[in-house]
Each structure stands twice: as C-alpha cells, then as structure tokens.
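Here's the letter readout for the chains.
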Amino acid sequence: MHTATLIAEQVHLKSSSVIGWATGGTMLGVYRSLRDMNLSFQHTRAFNLDEYIGLPAAHPQSYHHYMRHNFFDHVGMPEAQCHIPDGGCDPEHAIAKYEALLAAHGPIDLQLLGLGKNGHIGFNEPGASFNGTVHKTVLSPTTIEANARYFEASTDVPREAITMGIKTILSARKIVLLACGHAKADAVAEMIEGVMSITCPATALQLHDDVTIVLDSAAASELQGCEPS
Ligand code: PGA
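Quick summary incoming for the structure in this document. (Residues numbered from 1 in each chain as written. Predicted model: local features only at pLDDT ≥ 70, side-chain atom pairs only at ≥ 80, totals over all residues. Heavy atoms only, no water.)

**Focus on the overall build of the protein chain**
The test is simple: Labels follow the DSSP assignment, with helices taken as runs of H or I lasting at least four residues and strands as runs of E lasting at least two, numbered in each case from the N terminus. As a reference, a globule follows 2.2 Å times the number of residues to the power 0.38, and the radius of gyration itself is taken over C-alpha atoms. For each residue, the accessible area found with a 1.4 Å probe, counting protein chains only, is set against the maximum for its type, and the residue is called buried under 20%, exposed over 50%, and partly exposed in between. Contacts are assigned to residue pairs with any non-hydrogen atoms lying within 4.5 Å of each other. In this description, accessible areas are obtained by the Shrake-Rupley approach with a 1.4 Å probe, and a residue is regarded as covered only by the protein chains that are shown. Residues scored as charged are limited to Lys and Arg (positive) and Asp and Glu (negative), so that His and the chain ends carry no count. By convention, the charge on Lys lies at NZ, on Arg at CZ, on Asp at CG and on Glu at CD.
Summing up its helical and strand segments, the protein chain has 7 helices and 9 strands in all. What you see for the protein chain is a C-alpha radius of gyration of 17 Å, in line with the 17 Å of a compact globule of 229 residues. In terms of principal-axis extent, the alpha carbons of the protein chain reach across some 45 × 40 × 35 Å. Counting the 229 residues in the protein chain, one finds 51% classified as buried. Looking at the protein chain alone, contacts between residues at least 24 apart form 77% of all its contacts between residues at least 6 apart. As displayed, the protein chain offers around 10300 Å² of accessible surface, 52% of which is attributable to carbon and sulfur atoms. Positive and negative side-chain charges in the protein chain, numbering 14 and 24 respectively, have mean positions lying 5 Å apart.

**Here we look at the site of the ligand**
Let me state the cut-off plainly: Nearness of a residue to a molecule or strand requires only that one of the residue's heavy atoms be within 4 Å of it. Counted as a polar contact is a pair of N or O atoms within 3.5 Å, where, for protein atoms, one must be capable of donating a hydrogen and the other of accepting one, and residues adjacent in sequence contribute only when both atoms are in side chains. Three categories are distinguished: nonpolar for Ala, Val, Leu, Ile, Met, Phe, Trp, Tyr, Cys and Pro, charged for Asp, Glu, Lys and Arg, and polar for the others, with Gly belonging to the last.
Neighbouring the ligand are Gly24, Gly25, Thr26, Gly114, Leu115, Gly116, His120, Arg149, Tyr150 and Lys184. Contact distances for the ligand include 2.4 Å between an oxygen atom and a side-chain N or O atom of Thr26. Arg149 places a polar side-chain atom, nitrogen or oxygen, 3.1 Å from an oxygen atom of the ligand. When the ligand sits alone it has 280 Å² of accessible area, and the protein chains cover 82% of it. Broken down by class, the residue content of the shell around the ligand amounts to 2 nonpolar, 6 polar and 2 charged.

**Digging into the packing of aromatic side chains**
Using the following cut-off: For this analysis, a ring pair means two rings from Phe, Tyr or Trp (six-membered ring only for Trp) whose centres lie within 6.5 Å, classed as stacked if their planes differ by under 30 degrees, edge-to-face if by over 60, and tilted for the remaining angles.
Applying the stated criterion across every chain yields a total of 13 aromatic pairs. For the ring pair Phe47 and Tyr98, a centre distance of 5.7 Å and an interplane angle of 70 degrees mean the geometry is edge-to-face. A residue pair is termed long-range when its members are at least 10 positions apart, and Phe47 in strand S2 (residues 45–48) and Tyr98 in helix H4 (residues 91–105) qualify at 51 residues. Measuring from centroid to centroid gives 6.1 Å for Tyr63 and Phe123, while their planes differ by 20 degrees, and the two rings are stacked. Of this pair, Tyr63 sits in helix H3 (residues 63–70) while Phe123 is found in the loop between strand S5 (110–113) and strand S6 (135–138), placing the two residues 60 residues apart along the sequence. Both residues of the pair, Tyr63 and Phe123, count as buried. Each member of the aromatic cluster is reached from another via a ring pair, and the members are Trp21, Tyr31, Phe41, Tyr52, Tyr63, Tyr66, Phe71, Phe72, Phe123 and Phe151.

**Comments concerning unusual backbone geometry**
Here the bond from Gly106 into Pro107 is cis, since omega is 0 degrees, no more than 30 degrees from zero. The topology assignment puts Pro107 in the loop between H4 and S5. Even without being a glycine, Asn38 presents a positive backbone phi close to 55 degrees.

**A few points about helix H1 (residues 2–13)**
Rules: To estimate how far a helix should reach, multiply one less than its number of residues by 1.5 Å.
Across its 12 residues, H1 extends 17 Å between first and last C-alpha, which sits within 8% of the 16 Å expected from 1.5 Å per residue. Listed as buried for H1 are Thr3, Ala4, Leu6, Ile7, Ala8, Gln10 and Val11. In the core, the buried residues of H1 are packed alongside strand S1 (18–21), helix H2 (28–36), S5, strand S8 (174–179) and strand S9 (211–215).

**Regarding the pattern of salt bridges**
The criterion, for reference: Just to be clear on terms, a salt bridge is a Lys or Arg side-chain nitrogen sitting within 4 Å of an Asp or Glu carboxyl oxygen.
Summed over the entire model, instances satisfying the criterion amount to 4 salt bridges. A salt bridge links Asp109 to Lys14; its shortest N-O distance comes to 2.9 Å. Here Asp109, found in the loop between H4 and S5, pairs with Lys14, found in the loop between H1 and S1; they are 95 residues apart in sequence, far enough to count as distant. Look at Asp109 and you get buried, because its relative accessible area is 4%. Judged by relative accessible area, which is 32%, Lys14 ranks as partly exposed. Arg173 is the partner of Asp109 in a salt bridge, and the nearest nitrogen-oxygen pair spans 2.8 Å. Taken as a pair, Asp109 in the loop between H4 and S5 and Arg173 in the loop between helix H6 (166–170) and S8 lie far apart in primary sequence, 64 residues in all.

This is how it looks when you write it as structure tokens:
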C-alpha cells in the first residue's frame, strides 16, 4: 500500500509522469492497490524494466501480458504510451527501438523495482556492469528457478531477456524498491549495508540520491539493528 501511495503521489504531482514499472509476484499487491485508487494514468507514459526473449506479447507468461492483465487494461492506459521491450522479435532491433523510445521520452520520473534473491534489479544478474544500458542478458540459474513457478516446467523458462541496464535504472529521477519475505533478507542487507559490488547488482542503488526502499519485517530481518521477526 505504501508503495502504491508513493506512485499515486508522483502522478498527482505530475499527471504526465514517466513511470518505470516492474513485474513479479511482489508487485501484484501494488497493482491491486493502484487499481483500487481509481487514479487516472491516462497522461502518464510507461516503460517496463524487462521482457523475456522468445515470448511474444500475447504469451501468458510474457511481461506484456502481465502488465496488461494486472494493470494497464484496468486503468485505461493508452496502448501507445505503454512501452515494454519486444521479446518476440530480433533482440538487437528491440533493444535499439527501446533505447530510442527512452531517449525520446525519458528521463523516467519514478522507477519501481523489485529485488531478486541474488540481488538482481530488472534482469541485471550478478556480474552485470553498472554502466549497462538496455541489453540482452542471460538469466542466472537462481532466477530461472525463482520464476519456474509461473511455467509448467523450469525448462520452459526462457534463458534470455532484454533488460534496462543499471545505468538506465540509475538515470531515473526517483527510485522505489519493494521487497517482501525472508527469501529477500540477505539481498536486502547486502544492498543497503554491503560494499558496492557487481556481485550484488542492487548495491548500485547506493550511487543514487533518491531511493526509497519499502520492506516488510521479514525482508528487513537481516539488517543490523533489526530484531528478527
Ligand atoms: P518476485 O521477483 O517479486 O517475483 O520475487 C522480484 C524480482 O525478481 O525482481
């Protein structure tokens, strides 16, 4: 709810906000809350973090489908203002097109982020350059395993994706990261209290001066000074 309120404040402040959206299980509650707020997103522009390579927009596990089904279709977002990398065409072409759109309409006013168990943000897996722009990436075994629950078999999870790079993410004016559950606790502690390193991509957020991190008590439980729940 708190995350949805931060997004609503951004839209109230600037109805034409450019918002960077995220997918994953954690975000479902955010989209539910935003739908319930009956807020107009009609003048906003959306850029999603990432998309699987090999899944066309209509595929039920594509992030295109996730966003339409969980959010865009419910809040009257004009299709022409919703941008997600195209996982169904030649990746080089899709990357160039996405970079051009970001250059034309950016910077992103507010970027929403989830966090992977391995510290990934978007599909920037451990080892990703902090200087990366939109690019093709290979999913780590941890990410494939975490996302297998959405597919019939883990062998069905695409091995590659197109993602905004860390540099793209850091160029947003404001960042809001949401993490919930014990499985994220180590990555949360590393992100906030660890040494900045490409081994934990989320530590790159230490370079940004306007990041809000929203946690439940389980995700916060490995932070120093936090009582275990
Ligand atoms: P999750 O994914 O919300 O499904 O845990 C978060 C992420 O991988 O960024």
